Amino acid sequence: MLRSRLGFALLLSTTLAAAAPALAQEASTAEQTIDVMNTLFGKHPGARANHAKGVVAEGSFTPSPEAATISKASLFQGPAVPVTIRFSDATGVPTIADGAANANPHGLALKFKLSDGSEMDVVTNSLKYFPVATGEDFRDLLKAVADSGPNAAHPTALERFAAAHPAAATAGGTAKTPSSLARQTYNGVNAFILVDKDGKRQPFRFRIEPVQGEEILPPEDAAKRDPNFLMAEIGPRIAKEPAKFRVLAQLAQAGDPTNDATKPWPDDRKTVDLGTLTVSKAVPDSAEAEKALLFMPNNLTDGIEVSDDPLIDARVQAYAVSFSRRSQ
């Protein structure tokens, strides 16, 4: 059913960013987006508007030798740096079952603690591409979902939206339930820019792959699991042995769109190994720790820049609205 396939394509995990006065129009769109999320998922005090259910862990990132050749970012120049990690389920329902179809796409957000005392954030999820290309379209997708209940006349608002936005009907199907949060591939659907020491600029997208390999459950198996099986499993798993991921950069070639997250680049595009993410321990009180965690897609460092993808700023604006509401 189209509604269920699209329901788990709601991936704006909540973060904070200051909304400049000049961006009033985007902020209005962001407010409308969060309003619709609250309609779809309900209002849950203190919780994120989307990706409300999560677990926080700590670890480190060790850069590869090759990373320093394509970016001057300090993240890639020195020894390992600490990382705070948040895994999450989709939707704004804090009690959603981990194996539910709508709990996809699962999210992986990273906060790198850089050597100069600053921080850098990366926000990824298990979708291979996004259902829409702009913040306005994402708002309208959510509205279409909200207006397409079981008694809605056909063609429903969602069916009409999907007809005009082909990726909206297919993106959700690219995210599936893993056997463990440590056995899923997470994608950066937005394009960013690597800048090397000579000023050469290379568009790329993040891809974070589990060293053990991805392991996906059949939907009927996932639905039978304990409602908290993913969140409960990750802590004991990494207590026995750290989970490791390869942090990759998929490099764009000439002609690959950087401003449209609905269009994945071909699989044959070169990937560069940026380094290894090691997830080593769960935090003692995850619920308390995540209240202060703010992941910002544009919180980068010299040597990594935003591209012309309009969704990056749209996400920043929506995250600001969501954070202000959950902190009230």
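Right, let's walk through the structure included here.

Rules used throughout
- Residues numbered from 1 in each chain as written.
- Predicted model: local features only at pLDDT ≥ 70, side-chain atom pairs only at ≥ 80, totals over all residues.
- Heavy atoms only, no water.
- Buried < 20%, exposed > 50% of the residue type's maximum accessible area, 1.4 Å probe, protein only.
- Helix = DSSP H or I, 4+ residues; strand = E, 2+ residues; numbered from the N terminus.
- Pairing = 2+ DSSP bridges.
- Phe/Tyr/Trp six-rings, centres within 6.5 Å; stacked < 30°, edge-to-face > 60°.
- Lys NZ or Arg CZ within 6 Å of the ring centre and 35° of its normal.
- 1 Å grid on protein atoms, 1.4 Å probe; cavity = no way out; pocket = protein on both sides within 12 Å on 5 of 7 lines; lining within 4 Å.
- Points joined across faces, edges and corners; volume = space filled by probe spheres on them.
- Nonpolar A, V, L, I, M, F, W, Y, C, P; charged D, E, K, R; others polar.
- Contact = heavy atoms within 4.5 Å.

**Remarks on the pairing of strand 6 (residues 192–195)**
Consecutive side chains along a regular strand alternate between the two faces of the sheet. Neither face of strand 6 is left uncovered, since the one carrying Phe192 and Leu194 and the one carrying Ile193 and Val195 both have all their residues buried. Pairing geometry for strand 6 and strand 7 (residues 201–210), over four bridges, is antiparallel. Note on strand 7: the bridge partner recorded for isoleucine 193 is proline 203. A loop of five residues connects strand 6 with strand 7, the two strands running antiparallel in sequence, and glycine 199 in this loop sits at a positive phi of about 90°. By the bridge criterion, three bridges tie strand 6 to strand 10 (residues 304–306) in an arrangement that is antiparallel. In the sheet register, isoleucine 193 faces strand 10, and the bridge partner there is glutamate 305.

**A look at the packing of aromatic side chains**
Under the counting rule described, the total for this entry stands at eight aromatic pairs. With centroids separated by 6.4 Å and ring planes inclined at 55°, the aromatic side chains of phenylalanine 192 and phenylalanine 206 adopt a geometry described as tilted. You can see phenylalanine 192 sitting in strand 6 and its partner phenylalanine 206 sitting in strand 7, a full 14 residues away along the chain. Of the two residues, phenylalanine 192 and phenylalanine 206, neither departs from the other in class, the shared state being buried. The aromatic ring of phenylalanine 295 is capped on one face by lysine 111, whose charged end is 5.4 Å from the ring centroid. Between the NZ or CZ atom of arginine 205 and the centre of the ring of tryptophan 265, over which it lies, the distance is 4.2 Å.

**Some points on empty space enclosed by the protein**
Empty space among the atoms can be located by rolling a probe the size of a water molecule over them. All told, the structure shown has two cavities of 30 Å³ or more when counted by the stated rule. Here the second largest cavity defines a volume of roughly 70 Å³. Its residues placed into classes, the lining of the second largest cavity shows seven nonpolar, two polar and two charged.

**Some thoughts on the environment of valine 55**
Position of valine 55 among the secondary structure elements: in strand 1 (residues 54–63). The class for valine 55 is buried, based on a relative accessible area of 12%. It is 26 Å that separates the C-alpha atoms of valine 55 and alanine 191, two residues lying 136 residues apart in sequence. If we skip the residues at most four places from it in the chain, valine 55 touches Ile85, Arg86, Phe87, Leu181, Met231, Ile234 and Ser286.

**Points about the side chain of arginine 183**
Along the chain, the position of arginine 183 falls in the loop between helix 5 (157–164) and strand 5 (186–187). Setting aside residues up to four positions removed in sequence, arginine 183 forms contacts with Pro178, Pro210, Gln212, Gly213, Glu214, Glu215 and Arg237.

**Some details on the layout of surface pockets**
In this structure, the largest pocket occupies an estimated 440 Å³ of space. Lining the largest pocket are 21 residues, with Lys128, Thr185, Asn187, Arg207 and Asp267 positioned closest to its centre. For the lining of the largest pocket, the element with the highest residue contribution is strand 7, accounting for three residues. Grouping the amino acids of the lining of the largest pocket by side-chain chemistry returns seven nonpolar, eight polar and six charged.

So far we have only geometry, and geometry alone does not tell us how the molecule works.
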